[in-house]
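Here's the letter readout for the chains.
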Amino acid sequence: MKALAWHGVRDVRIDTVTDPGIVNPHDAIVEIKKTAICGSDLHIYNGYIMGMKGGDILGHEFAGEVVAVGAEVKNVKVGDRVVVPFTISCGKCHYCSEELFSLCDNTNPHSAAISKVTGFPTAGLYGYSHLYGGYSGGQAQYVRVPFADTDTFKIPDGIDFEQALFLTDIFPTGYMAAENCGIKPGDVVAVWGCGPVGLFAIKSAFMLGADRVIAIDRFDARLKLALQAGAEPLNYERHNVEEIIHETTGGRGPNACIDAVGMEAHSVSLDGMYDASMQKIRMVTDRAHALREAIRVCGKGGAISIPGVYAGIIDKFPLGIAFAKGLTFKMGQTHVQRYLPKLMKAIENGEIDPTFLITHRWPLSEAPKAYELFARKMDNAVKFVLTP
Amino acid sequence: MKALTALTLVAGGIGALVMARRATEVVAGNLEARSIAGALIETDTFEEVARSKTINSKLPEVYGFVRDMSMLPRFLPMVKLVNMVDEKRSLWTVKQGPVSVVLDVDITSGPDDDHVQFSFMLHGTALGACQIWLLSVGPELNQTRVTARLKYHPMLHGLVDRVIRPAMTAELDIYLARLKQLMETGEIATAEMR
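Just so it is clear, the structure is predicted and the values come from calculations on it, not from any experiment.

So, how was this worked out
- Residues numbered from 1 in each chain as written.
- Chains lettered and ligands numbered in written order.
- Predicted model: local features only at pLDDT ≥ 70, side-chain atom pairs only at ≥ 80, totals over all residues.
- Heavy atoms only, no water.
- Helix = DSSP H or I, 4+ residues; strand = E, 2+ residues; numbered from the N terminus.
- Buried < 20%, exposed > 50% of the residue type's maximum accessible area, 1.4 Å probe, protein only.
- Contact = heavy atoms within 4.5 Å.
- Areas by Shrake-Rupley, 256 points an atom, 1.4 Å probe, with all protein chains shown as cover.
- 1 Å grid on protein atoms, 1.4 Å probe; cavity = no way out; pocket = protein on both sides within 12 Å on 5 of 7 lines; lining within 4 Å.
- Points joined across faces, edges and corners; volume = space filled by probe spheres on them.
- Nonpolar A, V, L, I, M, F, W, Y, C, P; charged D, E, K, R; others polar.
- Pairing = 2+ DSSP bridges.
- Buried area = accessible area lost by both parts, 1.4 Å probe.
- Salt bridge = Lys/Arg side-chain N within 4 Å of Asp/Glu carboxyl O.
- Polar contact = N/O pair within 3.5 Å; in protein donor to acceptor, adjacent residues only side chain to side chain.
- Disulfide = S-S within 2.5 Å.
- Axes fitted to C-alpha atoms, helices over the stretch in contact; angles between N-to-C directions.
- Arc of directions from axis to C-beta.

**Student:** Honestly, the overall build of chain B in this entry has me stumped. Any pointers?
**Tutor:** Within chain B, the regular secondary structure consists of six helices and seven strands. By the burial criterion, 51% of the 194 residues in chain B qualify as buried. When contacts within chain B are restricted to residue pairs at least 6 apart in sequence, long-range pairs at least 24 apart make up 56% of them. Split by element, the accessible area of chain B, about 8,800 Å² in all, is 54% carbon and sulfur.

Right, here's the structure in full:
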């Protein structure tokens, strides 16, 4: 089959590789109908995620049709149209039973390796390095889905693959980010980053009762989508974020702040330049300007929610400021399986059409070019959807 | 180094090299070699590495699984073959890296079915060590805390010990993770990209 494989920093190619097969009795094989490039794929593309090997197949957002199932699979059958969460979860361990699916004990074959870093193993992820299990991703014609009874969700009639596609990651991720804010009616929420996760966080914040959402980015195309989603756009290259938010919230600051930027924050500020130079000499792994700014801007007693991916160590983290203001932090990989059925229902009921942010529909064969454009934020790229 | 670590893990603790010599000094000569390890390990002479996991299965199920010799190769991946000699004694063919050996193993079970002890002797020699699996109910009734302990001789104090001990710890983590996966899901998580 054809698949997009990682070969080094900013070097991805379409390779011909062996088709996946059933390995374990709870596996299914899915023929990919639609797949997407996630912002977190760019962290791999740009060389910031450890544990990659040449030839690894990328991609953790995909939907398709089941073409084979293992002997123990009960909930899906050949021919079912399914969407697959990016977190691989067994459905049986303590964490899965608590609906903390991304913390699954049992799905990371390299649990000993990641435990050396984190102290405990976390769930395996598709196409996201050997630290997260070494599972082949879904930017391919076919993918093997372990624990298919827990990790495949049937797509109802009336919803097409494109509408269901973002239930794999970015829609639940945005929703969990908003839920982690503990939003109450009347709350003001500020969102850093109007990429796909940020946009879904905006939509979700309103779904959960936020009164106002302030959306911070520097790209007009993204800010326009945020405006269309009901947010108040704020371009940080033209305005002082802290002053504007302070003023427009009557000096109180937002009740909650969402960092949907993560480890590759762009900034021309002093701390941003410091981060960039430290990252170059490998003294830090992450550039955390957006997070620092969110901590300063957030109102007293507020919540900081972090759906943006951080990989390791950040420097100059203003813990004292967070302590003084009594902030609450919530973060982590999304427990997709917890949110997916509810959000599928919202799509089915017409409450939201997740395809609003698709800017590019390309064939999988053009994926290397798509990565390049997306990484450089060219051509007003917000979301690439690929068809194998 | 890799070969040394492999040999260590194969024997369940290379400290047994000295232990065996001391064993023959301490224990009057008529004891069978394979029982020496279990006896000496009860003394304070031995260092211990211990790791734990909680498994979402009832204690009798976990006990039955650990006690079932046919299941051993599934969660102790270096064990390739188990031949039962009698109810309490078996021969394990063990392979780790380039090293392949046969271990003579005494199996001791607790009276309350709450622990299993494997006392190893390298077949045909007096080299040995000990692996103990302790089980307890909790934190909930349908869950089991499993502790795997590996006992080895303290001759390895110092640099060698500091190098080998983490390898032993990591190895125990792998055994426990595999046991947990098998008990909870019925399979070992497997990825394609190697």
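**Student:** Looking at this structure, how should I read the layout of surface pockets?
**Tutor:** Once rolled over the atoms, a probe with the size of a water molecule shows which space is left empty. Roughly 660 Å³ of volume is contained in the second largest pocket. Those elements that provide at least two residues to the lining of the second largest pocket are α2 (94-97) and α3 (111-118) of chain A together with β1 (47-55) and α6 (159-185) of chain B. Broken down by element, the residue count for the lining of the second largest pocket peaks at six residues, all from α6 of chain B. A class-by-class count of the residues in the lining of the second largest pocket yields nine nonpolar, eleven polar and six charged.

**Student:** Even after reading the chapter, I still don't get the pairing of strand β4 (residues 99-109) of chain B, so can you show me in this structure?
**Tutor:** Both faces of the sheet carry side chains from a regular strand, because those side chains alternate between them. Both strand β3 (residues 89-96) of chain B and β4 of chain B contribute to a ladder of eight bridges, which runs antiparallel. Counterpart to Ser90 of chain B in the pairing with β4 of chain B is Val105 of chain B.

**Student:** What should I look at first to understand the interface of chain B and chain A in this one?
**Tutor:** How large an interface is tends to be reported as the accessible area lost when its parts come together. Taken residue by residue, the interface counts 16 residues in chain B and 27 residues in chain A. Carbon and sulfur atoms make up 52% of the surface buried where chain B meets chain A, a total of about 1,900 Å² over both sides. Considering only the side of chain B, the residues that lose the most area to chain A are Glu187, Glu192 and Met193 of chain B, jointly responsible for 36% of the buried surface there. Our enumeration of links across chain B and chain A arrives at one salt bridge. Counting every contact that joins chain B to chain A gives seven residue pairs in polar contact (both at pLDDT 80 or more).

**Student:** Just checking my understanding: could you explain the sheet that holds strand β4 (residues 56-57) of chain A for this structure?
**Tutor:** In a beta sheet, neighbouring strands are held together by backbone hydrogen bonds and run either parallel or antiparallel to one another. All names here are of chain A. The three strands lie next to each other as β2-β1-β4, forming an open sheet whose pairing is antiparallel. The open sheet has two edge strands with one neighbour each: β2 (11-16) and β4. Alignment of strand β1 (residues 2-8) against β4, held across two bridges, turns out to be antiparallel. Note that in β4 the partner of Trp6 across the bridge is Asp56.

**Student:** Any chance you could explain empty space enclosed by the protein here in plain terms?
**Tutor:** Residues and elements named next belong to chain A. Taken as a whole and assessed by the stated rule, the structure comprises one cavity of 30 Å³ or more. In this model, the largest cavity occupies a volume close to 40 Å³. Residue lining of the largest cavity: Thr173, Met176, Ala177, Asn180, Ser305, Ile306, Pro307, Met331 and Gly332, and that is the complete set. Looking at which element gives the most residues to the lining of the largest cavity, the answer is helix α6 (residues 170-179), with three residues.

**Student:** Help me out: how do you make sense of the state of the cysteines in this one?
**Tutor:** Note: disulfide means a covalent bond formed between the sulfur atoms of two cysteine side chains. Residues and elements named next belong to chain A. Overall, the coordinates contain zero disulfides over all chains when judged by the stated rule. In this structure Cys90 is not part of a disulfide, and its nearest cysteine sulfur, from Cys104, lies 3.7 Å away. On the accessibility criterion, Cys90 (3% relative accessible area) is buried. Not part of a disulfide, Cys93 finds its nearest cysteine sulfur in Cys96, a span of 3.8 Å.

**Student:** Explain the pattern of salt bridges here, please?
**Tutor:** When charged atoms on two side chains of opposite charge get close, those side chains can pair. All names here are of chain A. For the coordinates displayed, the defined rule picks out 23 salt bridges over all chains. Note that Glu237 and Arg218 form a salt bridge whose closest N and O atoms lie 3.8 Å from each other. Of the two residues, Glu237 sits in the loop between β13 (232-235) and α9 (241-248) while Arg218 sits in the loop between β12 (212-217) and α8 (220-228), which places them 19 residues apart along the sequence. Here Glu237 falls in the partly exposed class, since its relative accessible area comes to 49%. The partly exposed category is assigned to Arg218, whose relative accessible area is 25%. Of the charged contacts, one joins Glu242 and Arg296 as a salt bridge, the two residues approaching to 2.8 Å between their closest N and O atoms. Of this pair, Glu242 sits in helix α9 while Arg296 is found in helix α11 (residues 289-297), placing the two residues 54 residues apart along the sequence. Of the residues examined, Arg296 reaches a relative accessible area of 46% and is grouped as partly exposed.

**Student:** Got a minute to help me understand the sheet that holds strand β16 (residues 328-331) of chain A in this structure?
**Tutor:** Residues and elements named next belong to chain A. If you trace the six strands from one edge of the open sheet to the other, you get β13-β12-β11-β14-β15-β16, paired in parallel fashion. Each edge of the open sheet carries a strand with a single partner, namely β13 and β16. For this sheet, the mean angle separating the axes of adjacent strands, direction not counted, is 20°. Bridge analysis of strand β11 (residues 188-192) against β12 gives five bridges, and the strand direction is parallel. Within β12, the position partnered with Trp192 by the bridge is Ile216.

**Student:** I'm lost on α3 of chain A in this one. Help?
**Tutor:** Residues three or four positions apart in an α-helix share a direction because the helix packs 3.6 residues into each turn. All names here are of chain A. Those residues of α3 that sit buried are Ser111, Ala112, Ile114 and Ser115. Seen from one end, α3 has its buried residues packed into an arc of 165°, which puts them on one side. Turned more than 90 degrees off the buried face of α3, the exposed positions are Lys116 and Val117. Where α3 terminates, the next one or two residues include Gly119, which has phi positive at roughly 90°.

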